[in-house]
Amino acid sequence: MERSDEAAYDFTARVLGRGTASQGGAYLLPYLQSGHMLLLGVLLLASTISYPGFPLTQVPDEYRALLKQGLVITYAVNAATAVYSRGIASAKQEPVGFWFGKIFLLGGLAFGELREIETSPDARKKFPNQK
């Protein structure tokens, strides 16, 4: 539920992933989102580049294949979730393409954020059962 003293969920809040505040008033989603993006960068580096002398790129071929397989599985699930989210985003009058891309990239973090967003007043009239 959006508090009355919170700003509207604008483009900056969507990109940074403000989400909803915890009971203590902290916004944890931006930190989780940043951590996942760093992890994705490290996994892509370790699974695709082989450079002797740098520990992240000296990965045995068996592990490199497992990392690639894990990334493919993760992004297959993210793609299915992103397709499903198109209906939710349009019902909440959110930018469908933006949420499709963000959910494809971040998966459940972004999907949970989309589900928690307060529906705009115009959409609430059309879809009264939405948050």
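Right above here is the structure, for reference.
First things first, this report covers the structure right here in the doc. Everything numeric in this text was worked out from a predicted model, so none of it was measured.

**Structural notes on the overall build of the protein chain**
A count of helical and extended segments in the protein chain gives 6 helices and 0 strands. For the protein chain, the sequential pattern of α-helices and β-strands runs α-α-α-α-α-α. Across the 131 residues that make up the protein chain, the buried fraction comes to 29%. Put simply, of all contacts in the protein chain between residues at least 6 apart along the chain, 47% involve residues at least 24 apart. Element-wise, carbon and sulfur atoms account for 65% of the exposed surface of the protein chain, whose accessible area totals about 8,300 Å².

**A few points about the pattern of salt bridges**
Under the defined criterion, the tally for this structure stands at 3 salt bridges. With its nearest N and O atoms 2.5 Å apart, the salt bridge here joins E94 to R14. Of this pair, E94 sits in the loop between helix 3 (61-91) and helix 4 (96-106) while R14 sits in helix 1 (residues 11-16), placing them 80 residues apart in sequence. Residue D61 pairs with R64 through a salt bridge whose shortest N-O separation is 3.9 Å. Taken together, the residues span about one helical turn, with D61 and R64 both in helix 3 at a distance of 3 residues.

**So, unusual backbone geometry**
With a phi angle near 55°, Q93 is a residue other than glycine that sits in the positive phi range. Along the chain, the position of Q93 falls in the loop between helix 3 and helix 4. The class of Q93 is partly exposed, set by a relative accessible area of 36%.

**Points about the nonpolar core**
With 12 residues, the main nonpolar core is built from Y9, A13, A82, I88, A89, W99, I103, L106, A110, F111, L114 and I117. Elements that contribute at least two residues to this core include exactly helix 3, helix 4 and helix 5 (108-116). Among all residues touching A89, those that are not within four sequence positions of it are E94, V96, W99 and L114.

**Details of helix 5**
Of all the residues in helix 5, the buried ones are L109, A110, F111, E113 and L114. Contacts from the buried residues of helix 5 go to helix 1, helix 2 (29-48), helix 3 and helix 4.

**Comments concerning the layout of surface pockets**
Taken as a whole, the second largest pocket holds about 190 Å³ of empty space. The wall of the second largest pocket is formed by H36, L39, L40, L43, L71, T74, Y75, N78, L105, L106 and G107. Those elements giving two or more residues to the lining of the second largest pocket turn out to be helix 2, helix 3 and helix 4. Tallied by class, residues from the lining of the second largest pocket come to 7 nonpolar, 4 polar and no charged.

**Comments concerning helix 2**
A turn of α-helix holds 3.6 residues, and therefore any two residues three or four places apart point the same way. Relative to the 28 Å expected for 20 residues at 1.5 Å per residue, helix 2 spans 28 Å between its end C-alpha atoms, a close match to the ideal helical length. Burial in helix 2 covers these residues: L29, Q33, L40, A46 and S47. Seen end-on, helix 2 carries its buried residues on one side only, within an arc spanning 155°. Turned more than 90 degrees away from the buried face of helix 2, the exposed residues are Y31 and L38.

**Thoughts on the side chain of Q33**
Positionally, Q33 belongs in helix 2. When sequence neighbours within four positions are dropped, the list of residues in contact with Q33 reads V15, L16, G17, K102, L106, L109 and E113.

Conventions used here
Residues numbered from 1 in each chain as written. Predicted model: local features only at pLDDT ≥ 70, side-chain atom pairs only at ≥ 80, totals over all residues. Heavy atoms only, no water. Helix = DSSP H or I, 4+ residues; strand = E, 2+ residues; numbered from the N terminus. Buried < 20%, exposed > 50% of the residue type's maximum accessible area, 1.4 Å probe, protein only. Contact = heavy atoms within 4.5 Å. Areas by Shrake-Rupley, 256 points an atom, 1.4 Å probe, with all protein chains shown as cover. Salt bridge = Lys/Arg side-chain N within 4 Å of Asp/Glu carboxyl O. Core = buried A, V, L, I, M, F, W, Y, C linked by side-chain atoms within 4.5 Å. 1 Å grid on protein atoms, 1.4 Å probe; cavity = no way out; pocket = protein on both sides within 12 Å on 5 of 7 lines; lining within 4 Å. Points joined across faces, edges and corners; volume = space filled by probe spheres on them. Nonpolar A, V, L, I, M, F, W, Y, C, P; charged D, E, K, R; others polar. Expected span 1.5 Å × (residues − 1). Arc of directions from axis to C-beta.

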